[in-house]
Amino acid sequence: MGYYDKQDPFDHSKQKGNRGKYFLPGIVAFSLGVLLLVVAFPGLTGRVMPDGSERQAVEQREQLPEQPESGGTAAEIRNVSVNVTSGVTEAVDNVAEAVVGVINLQNASFWNDTEAETDEEGEAGTGSGVIYKKENGKAYVVTNYHVIEGATQVELSLIDGTRVPAEVLGEDPLTDLAVLSMEDEMVTKVADFGDSDSVRTGEPVIAIGNPLGLQFSGSVTQGIISGTDRSIPVDVNRDGTPDWHADVMQTDAAINPGNSGGALINIQGKVIGINSMKIAQSAVEGIGLAIPVNSAIPIIKDLEQYGQVKRPYFGVSIGSLSDVSSYHWQQTLKLPKDVSAGVYITGVAPGSPAASAGLQEYDVIVELDGEQVRDVIELRKHLYNEKQVGDKMEVTFYRGKEQKTATVDLTEDTTGE
């Protein structure tokens, strides 16, 4: 009919135009959406990406560690190797096998084999020692005199616990040193001596020994040098009066009963001291003392070679002026009033260097070789540290109010002063 103007359902000319109008924006939106999904969820790329990307994602997932079925997180197990070697461990390795236990057996027999109890005050007991030399089938050990004092038999305990007999070659109560020997077939290491004169305050040091007996053998403690020049009074004969002042090093490395005779070493593994004493008071902690090795070496050599220390012989019995009442200074000794310090002679050995020089009982010595002498310790230190056998020594003394001088020819006999 001529009036019919409705859209022909088979006429697609307008539909094509409308679809083209919205098709391009749709493609852009879809692409943007896919891109956002890829960025936000990378794990979905195996499902949405064409051209083999899904296979690549699957391969990556197969390389991941399996998760436990319980839903927990799998822990990764690794073997970690840590190098614990340090300067301290290397220093200890250098010396440890050369430090031995020293066992003091008193009245030892098959029926009565007893070990004296350890005591740092000088009583015999179990202590420590340092192997310092191997020669001609023998090994030589330095320890403290008080460790082997009074022993009828001495044994050494090696690092593996083996006990071997030892012979006492020499001992010196004044310096608290002794030298032992044993067969060297089981000795694996010898300690090296360092230079104690070069030790500095604050320098790290290590003490090795057997505190509290052999059950703690080879114990190692670390500290520093607290002082390099300490003078400690020593009462050798235990009469309550100091006979000597020992020059020692101070350390805060723990030194306990049984450590005596053990090694004090520096970080290079060199022995710089022989642990000797500990101030053991309830109010004092961290004060250990060691004999400087430079002072010990001449003593060790004499003990090893002669069995005793070859010291100059003076030949007098003496006492400090400060130990008697000032009343006797003038009334008995007849001294001038300005003389208040010195050493008085209580006896002169017949035929001794002092007797040959004309010294007599009650003479009061005030100088040796021009150096003031105020007490017995100062006289001994000058005689033993400054003089040698065969030397001459000038003695200034008072006989009553008269000052005199005598020259003494020192011999090598060590039976007196």
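The structure displayed is predicted, hence computed values, not measured ones. (Residues numbered from 1 in each chain as written. Predicted model: local features only at pLDDT ≥ 70, side-chain atom pairs only at ≥ 80, totals over all residues. Heavy atoms only, no water.)

Asks: I tried to follow the overall build of the chain on my own but got confused; where do I start?
Replies: For the chain, the helix and strand inventory stands at 9 helices and 19 strands. A total accessible area of about 24200 Å² is found for the chain, and carbon and sulfur atoms account for 49% of it. (Helix = DSSP H or I, 4+ residues; strand = E, 2+ residues; numbered from the N terminus. Areas by Shrake-Rupley, 256 points an atom, 1.4 Å probe, with all protein chains shown as cover.)

Asks: It is not clear to me how unusual backbone geometry should be interpreted in this structure. Could you clarify?
Replies: Glycine aside, residues mostly have negative phi angles, and peptide bonds mostly take the trans form. Backbone geometry places aspartate 176, a non-glycine residue, at a positive phi of 60 degrees. With respect to the secondary-structure elements, aspartate 176 resides in the loop between strand S6 (163–172) and strand S7 (177–183).

Asks: Quick question: what am I supposed to make of the side chain of histidine 146 here?
Replies: Topologically, histidine 146 is positioned in helix H5 (residues 145–148). Within the structure, histidine 146 has its side chain in polar contact with the side chain of serine 260 (distance 3.3 Å). (Polar contact = N/O pair within 3.5 Å; in protein donor to acceptor, adjacent residues only side chain to side chain.)

Asks: Whenever I open this one, the environment of glutamine 330 confuses me. Can you help?
Replies: Tracing the chain through its elements places glutamine 330 in helix H7 (residues 326–331). Once the C-alpha coordinates of glutamine 330 and lysine 401 are considered, the two residues, 71 residues apart in sequence, prove to be 9.1 Å apart. Beyond its immediate chain neighbours, meaning those up to four positions away, glutamine 330 contacts Leu335, Pro336 and Lys337. (Contact = heavy atoms within 4.5 Å.)

Asks: Would you mind showing me how to read helix H6 (residues 293–306) here?
Replies: Counted at 1.5 Å a residue, the expected span for H6 with its 14 residues is 20 Å, and the 19 Å between its end C-alpha atoms agrees. Among all positions in H6, only Val293, Ala296, Ile299, Ile300, Asp302 and Leu303 are buried. Of the residues trailing H6, glycine 307 is marked for its positive phi of about 80 degrees. (Expected span 1.5 Å × (residues − 1). Buried < 20%, exposed > 50% of the residue type's maximum accessible area, 1.4 Å probe, protein only.)

Asks: Can you help me understand the environment of glutamate 90 in this one?
Replies: Counting through the fold element by element, glutamate 90 comes out in helix H4 (residues 87–95). C-alpha separation for the pair glutamate 90 and isoleucine 267, spaced 177 residues apart in sequence, amounts to 8.4 Å.

Asks: Can you help me understand the packing of aromatic side chains in this one?
Replies: The geometry of an aromatic ring pair comes down to the distance between the two centres and the angle between the two planes. Applying the stated criterion across every chain, the model contains 2 aromatic pairs. Between the aromatic rings of tyrosine 132 and tyrosine 140, the centroid separation amounts to 6.4 Å while the plane-to-plane angle is 45 degrees, which identifies the pairing as tilted. For the pair tyrosine 132 and phenylalanine 193, a centre-to-centre distance of 5.9 Å together with 20 degrees between the ring planes defines the contact as stacked. In this pair, tyrosine 132 is assigned in strand S3 (residues 127–135) and phenylalanine 193 in the loop between S7 and strand S8 (204–209), connecting sequence segments 61 residues apart. Residue phenylalanine 193 is classed as partly exposed on the basis of its relative accessible area, which comes to 27%. An aromatic cluster of three or more residues is present, and its members are Tyr132, Tyr140 and Phe193. A cation over an aromatic ring shows up here: lysine 310 above the ring of tyrosine 306, its NZ or CZ 4.4 Å from the ring centre. Here the guanidinium or amino end of arginine 311 rests over the ring plane of tyrosine 384, the centre of that ring lying 5.2 Å away. (Phe/Tyr/Trp six-rings, centres within 6.5 Å; stacked < 30°, edge-to-face > 60°. Lys NZ or Arg CZ within 6 Å of the ring centre and 35° of its normal.)

Asks: Explain the nonpolar core here, please?
Replies: Counting residues in hydrophobic clusters, the biggest one holds 41 residues, and the most contacted among them are Val95, Ile148, Leu156, Leu177, Leu180, Ile265 and Val271. Counting residues per element, this core draws most heavily on S7, at 5 residues. Apart from residues lying up to four places away in sequence, leucine 180 is in contact with Val102, Ala139, Tyr140, Val141, Thr143, Ile148, Val154, Leu156, Ala166, Glu167, Val168 and Leu169. Counting residues in each nonpolar core, the second largest holds 27 residues, with Leu174, Ile318, Ile345 and Val376 among its members. (Core = buried A, V, L, I, M, F, W, Y, C linked by side-chain atoms within 4.5 Å.)

Asks: For this particular structure, what's the right way to read the pattern of salt bridges?
Replies: For side chains of opposite charge, pairing can occur when their charged atoms come near one another. Applying the stated criterion across every chain yields a total of 12 salt bridges. Across the pair aspartate 369 and lysine 387 runs a salt bridge, and its minimum N-O distance is 3.2 Å. Placement of the pair is aspartate 369 in the loop between strand S16 (364–368) and strand S17 (371–372) and lysine 387 in the loop between helix H9 (376–386) and strand S18 (392–399), with a sequence separation of 18 residues. Residue glutamate 378 pairs with arginine 374 through a salt bridge whose shortest N-O separation is 2.5 Å. Sharing partners across several salt bridges, the network here consists of Lys133, Glu135 and Glu304. (Salt bridge = Lys/Arg side-chain N within 4 Å of Asp/Glu carboxyl O.)

Asks: Quick question: what am I supposed to make of H4 here?
Replies: Each turn of an α-helix holds 3.6 residues, which means side chains three or four residues apart point in the same direction. For H4, the complete set of buried residues consists of Ala91, Val92 and Val95. The buried residues of H4 all sit within an arc of 100 degrees when viewed along its axis, so they share a single face. (Arc of directions from axis to C-beta.)

Asks: Looking at this structure, I do not really get the pairing of S18. What am I missing?
Replies: On a regular strand, one side chain projects to one face of the sheet and the next to the other, so that they alternate. Sheet analysis places S16 next to S18, joined by 4 bridges and oriented antiparallel. Bridge pairing in S18 links glutamate 367 to threonine 396. Bridging between S18 and strand S19 (residues 402–409) involves 8 bridges; their strand directions are antiparallel. By the bridge assignment, glutamate 394 is partnered in S19 with threonine 407. (Pairing = 2+ DSSP bridges.)

Asks: Just checking my understanding: could you explain the environment of serine 219 for this structure?
Replies: Mapping serine 219 onto the fold places it in strand S9 (residues 219–234). Accessibility expressed as a relative area gives 23% for serine 219, which makes it partly exposed. For serine 219 and isoleucine 208, which are 11 residues apart along the polypeptide, the C-alpha to C-alpha distance reads 5.7 Å. Aside from chain neighbours lying at most four places away, what touches serine 219 is Ala207, Ile208, Gly209 and Pro211.

These figures capture arrangement, not role.
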